[in-house]
Amino acid sequence: ANTLASGMDSIALQVIKGDVSQFMQNFFNFNGLLFSFFISTTYSVLYGQQEQLYLALYAEASEAKSLMEQLTLVSQSRPNYRALLQSMRDYV
């Protein structure tokens, strides 16, 4: 490396030094963009999972409400109505 550097004049060495700093700046910019890409992808996946969880919980709550309404309408006058309500309470 010293032999190569001694064969160059000072202007050529300044250009190389300038290119190294530009290279480092480009390297850091590239890493920042890559990090942003990974973060946005991770955020998108986690948001999708949260949305799926919310929709599943909403569907489960809707089914529980429907089951409660059906239980009340169908079993209100039956002797095991209290036991059915207790089972529904345990489920919820």
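Residues numbered from 1 in each chain as written. Predicted model: local features only at pLDDT ≥ 70, side-chain atom pairs only at ≥ 80, totals over all residues. Heavy atoms only, no water.

Draft legend 1. Just the overall build of the protein chain, in detail. Helix and strand counts for the protein chain come out as 3 helices and 0 strands. Helices (α) and strands (β) of the protein chain occur, in sequence order from the N terminus, as α-α-α. The burial tally for the protein chain puts 7% of its 92 residues in the buried class. Element-wise, carbon and sulfur atoms account for 64% of the exposed surface of the protein chain, whose accessible area totals about 8200 Å². (Helix = DSSP H or I, 4+ residues; strand = E, 2+ residues; numbered from the N terminus. Buried < 20%, exposed > 50% of the residue type's maximum accessible area, 1.4 Å probe, protein only. Areas by Shrake-Rupley, 256 points an atom, 1.4 Å probe, with all protein chains shown as cover.)

Draft legend 2. Spatial organisation of the nonpolar core. Listed in full, the 5 residues of the largest apolar core are A64, L71, Y81, L85 and M88. For this core, the element with the highest residue contribution is helix α3 (residues 81-91), accounting for 3 residues. Not counting residues within four places of it along the chain, the set of residues in contact with L71 comprises Q76, Y81, L84, L85 and M88. (Core = buried A, V, L, I, M, F, W, Y, C linked by side-chain atoms within 4.5 Å. Contact = heavy atoms within 4.5 Å.)

Draft legend 3. Region of the structure containing the environment of V92. You can see V92 is positioned in the segment after α3. Sequence separation between V92 and E60 is 32 residues; the distance between their C-alpha atoms is 9.9 Å.

Draft legend 4. Quick peek at a nonpolar patch on the surface. On the surface, F23, M24, F27 and F28 cluster together into a nonpolar patch covering about 430 Å² of accessible area. Examined against the element boundaries, F27 turns out to sit in helix α2 (residues 10-75). (Patch = residues over 30% accessible without salt bridge, like charges linked within 9 Å, V, L, I, M, F, W, Y side chains within 5 Å. Salt bridge = Lys/Arg side-chain N within 4 Å of Asp/Glu carboxyl O.)

Draft legend 5. Region of the structure containing the packing of aromatic side chains. Applying the stated criterion to the full structure yields 3 aromatic pairs. Between F37 and F38, the ring centres sit 5.8 Å apart and the planes meet at 50°, which makes this aromatic pair tilted. Note on Y43 and Y47: the rings are 6.3 Å apart at their centroids and 20° apart in plane angle, and the pair reads as stacked. Placement of the pair is Y43 and Y47 together in helix α2, with a separation of 4 residues, close to one helical turn. (Phe/Tyr/Trp six-rings, centres within 6.5 Å; stacked < 30°, edge-to-face > 60°.)

Don't take any of this as a statement about function, it's just geometry.
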